Amino acid sequence: EIGRPAVTVGLERSGEAWRLTAPVSARADTWFVQRLLYTLDPLEADRILSGPLKPADFDLDPPRGTLKVTAGDATTTLLFGEQTAVGHNVYLTLPESSQVFLVGAMIFDHLNHPLDAYRSRDLLPFDTGKAAQMMLTSPTTAFTLTKSADGWRLTDPIAEEADGDKISDFLRTLAALQMARVVAD
């Protein structure tokens, strides 16, 4: 879960794929989420500040952003503060911690994206090799193509051999379709 002042983005892993769970339910851009997670592994502090510290002095109360990562039964929450005056770092702490860590600002930069950045752009994600049938219907025509062990065949309205290369190209084109943006949820 990624909390920012404007919106909280919920993400959940299902097998190898990621899904948005908040504020909308949709397919997530798995590559984008994986890249975000790679910036956290390993998460190393460039410097650790200790002593009597006031979280508000580092924009940590309230934080600029939060990240909650759950793996199995363990949940880790990171609280992000402001960017440091010198260097490209941000202040980070853990709930109930008396320490403030300076970490690379790239981590917060990766989190601080609009909701659409987390959304999958794939319009029709499917494995073209598993396609077994296509039915096309329009006001002027209708036909069915079926894949068998011998290749693709036109099966309706007549039975006839079909051009497998053209059908494979068409399926790859369909699977590669990307949406430009979401107009409304």
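Since the model is a prediction, treat every value here as computed from it, not as a measurement.

A few points about a nonpolar patch on the surface
The grouping of Leu 123, Leu 124, Phe 126 and Leu 177 at the surface amounts to a nonpolar patch, some 320 Å² of accessible area in total. The residue Leu 123 is located in the loop between α3 (115-118) and β10 (133-137) in this model.

Focus on the sheet that holds strand β1 (residues 2-3)
The nine strands are arranged β4-β3-β2-β1-β6-β7-β8-β9-β5 in an open sheet whose pairing can be described as antiparallel. The open sheet terminates on both sides in strands that have one partner only, identified here as β4 (26-27) and β5 (47-49). Pairing of strand β6 (residues 65-71) with strand β7 (residues 74-83), which is carried by seven bridges, proceeds in the antiparallel orientation. Bridge pairing in β7 links Thr 66 to Leu 79. Helix α1 (residues 30-39) contacts β1, β2 (8-14) and β3 (17-22) of the sheet and is inclined by roughly 90 degrees relative to β3.

Section: the pairing of strand β8 (residues 89-93)
Along any regular strand the residues' side chains alternate between the sheet's two faces. Counted residue by residue, β8 has five buried out of five residues, so it is predominantly covered. Neither face of β8 is left uncovered, since the one carrying Asn 89, Tyr 91 and Thr 93 and the one carrying Val 90 and Leu 92 both have all their residues buried. Alignment of β7 against β8, held across three bridges, turns out to be antiparallel. Directly across from Gln 83, in β8, lies its bridge partner Val 90.

Quick notes on the rules
Residues numbered from 1 in each chain as written. Predicted model: local features only at pLDDT ≥ 70, side-chain atom pairs only at ≥ 80, totals over all residues. Heavy atoms only, no water. Patch = residues over 30% accessible without salt bridge, like charges linked within 9 Å, V, L, I, M, F, W, Y side chains within 5 Å. Areas by Shrake-Rupley, 256 points an atom, 1.4 Å probe, with all protein chains shown as cover. Salt bridge = Lys/Arg side-chain N within 4 Å of Asp/Glu carboxyl O. Helix = DSSP H or I, 4+ residues; strand = E, 2+ residues; numbered from the N terminus. Pairing = 2+ DSSP bridges. Contact = heavy atoms within 4.5 Å. Axes fitted to C-alpha atoms, helices over the stretch in contact; angles between N-to-C directions. Buried < 20%, exposed > 50% of the residue type's maximum accessible area, 1.4 Å probe, protein only.

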